[in-house]
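Architecture and fold: a report
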Amino acid sequence: MARPRRKRCVSGMPEMEGFKPFGIPLRELSSVTLLYEEYEAIKLCDYLGMKQEEAAVKMGVSRPTLTRIYDKARKTVATAFAEGKAIMMEGGDYRTGGQWRRCPHCRREVALDGNREKCDRCDSGQSNDINE
């Protein structure tokens, strides 16, 4: 029996839900899925310039596991670019450091801490739980 998969630590949700090729309506596109932990791996390694060892520690996984996550993320993005597909960001085996909600007005992910239950961007008080 295989060992249960460890949840990957994600520092926060992306501000967007996905990307699509310019000029083509989303309903006419097929899509690929980029998991939240794959997004986090690309953000840490490429955007923030961390070495894979540092990124692995930050995500709470081994370096070989981070490499597999990162390689799959790059292949997903390359497939979307080469084949003109939309990239939808969702799901995966992840955990965050707290509770997150998506603001229904501006679609931004809001971290809830203590008494704060309003969106920082649009000051809306209504939101939907996405992760606890």
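Residues numbered from 1 in each chain as written. Predicted model: local features only at pLDDT ≥ 70, side-chain atom pairs only at ≥ 80, totals over all residues. Heavy atoms only, no water.

With 12 residues, the main nonpolar core is built from Val-10, Met-13, Val-32, Leu-34, Tyr-36, Tyr-39, Ala-73, Val-77, Ala-80, Ile-87, Met-89 and Tyr-94. Contributions of two or more residues to this core are made by strand S3 (31-34), helix H1 (36-47), helix H3 (63-83) and strand S4 (86-89). The biggest single contributor to this core is H3, with 3 residues. Discounting residues that sit within four places of it in the chain, Ala-80 has contacts with Val-32, Lys-85 and Ile-87. (Core = buried A, V, L, I, M, F, W, Y, C linked by side-chain atoms within 4.5 Å. Buried < 20%, exposed > 50% of the residue type's maximum accessible area, 1.4 Å probe, protein only. Helix = DSSP H or I, 4+ residues; strand = E, 2+ residues; numbered from the N terminus. Contact = heavy atoms within 4.5 Å.)

Moving on, we come to the confidence of the model for the protein chain. Mean pLDDT for the protein chain: 81, with 75% of residues reaching 70 or above. Considering each helix and strand of the protein chain separately, the mean pLDDT is smallest for strand S8 (residues 128-131), with a value of 45, and largest for H3, with 95. pLDDT under 50 marks residues 126-132. Its contacts with residues more than four places away, or in other chains, come to 27 contacts. (pLDDT = per-residue confidence, 0-100.)

The next thing to look at is the packing of H1 against helix H2 (residues 52-59). In the contact formed by H1 and H2, the axes pass within 9 Å of each other and the chain directions differ by 140°. Relative to H2, the element H1 is oriented oblique. Like other packed secondary-structure pairs, H1 and H2 cross with a definite hand, here right-handed. Residues Glu-37, Glu-40, Ala-41, Leu-44 and Cys-45 of H1 pack against Gln-52, Ala-55, Lys-58 and Met-59 of H2. Classifying every residue of the contact of H1 with H2 by side-chain character gives 5 nonpolar, 1 polar and 3 charged. (Axes fitted to C-alpha atoms, helices over the stretch in contact; angles between N-to-C directions. Parallel < 35°, antiparallel > 145°, perpendicular 65-115°, else oblique. Left-handed = near helix turned anticlockwise from the far one by under 90°. Nonpolar A, V, L, I, M, F, W, Y, C, P; charged D, E, K, R; others polar.)

Its location among the elements puts Glu-40 in helix H1. Those residues in contact with Glu-40 that sit more than four places away from it in its chain are Cys-9, Val-10, Ser-11, Gly-12 and Met-59.

Turning to the layout of surface pockets, a few remarks are in order. By volume, the largest pocket is sized at about 260 Å³. Met-16, Phe-19, Leu-34, Tyr-39, Ile-42, Lys-43, Tyr-47, Val-77, Phe-81, Ile-87 and Met-89 are the residues that line the largest pocket. Elements with a contribution of two residues or more to the lining of the largest pocket: H1, H3 and S4. Looking at which element gives the most residues to the lining of the largest pocket, the answer is H1, with 4 residues. Grouping the constituent residues of the lining of the largest pocket by class yields 10 nonpolar, no polar and 1 charged. (1 Å grid on protein atoms, 1.4 Å probe; cavity = no way out; pocket = protein on both sides within 12 Å on 5 of 7 lines; lining within 4 Å. Points joined across faces, edges and corners; volume = space filled by probe spheres on them.)

This brings us to H1. Summarising burial for H1: 9 of the 12 residues are buried, a large majority. Within H1 the residues assigned to the buried category are Tyr-36, Glu-37, Glu-38, Tyr-39, Glu-40, Ala-41, Lys-43, Leu-44 and Cys-45. Note on H1: the residue one or two positions beyond its end, Gly-49, has a positive phi of about 70°.

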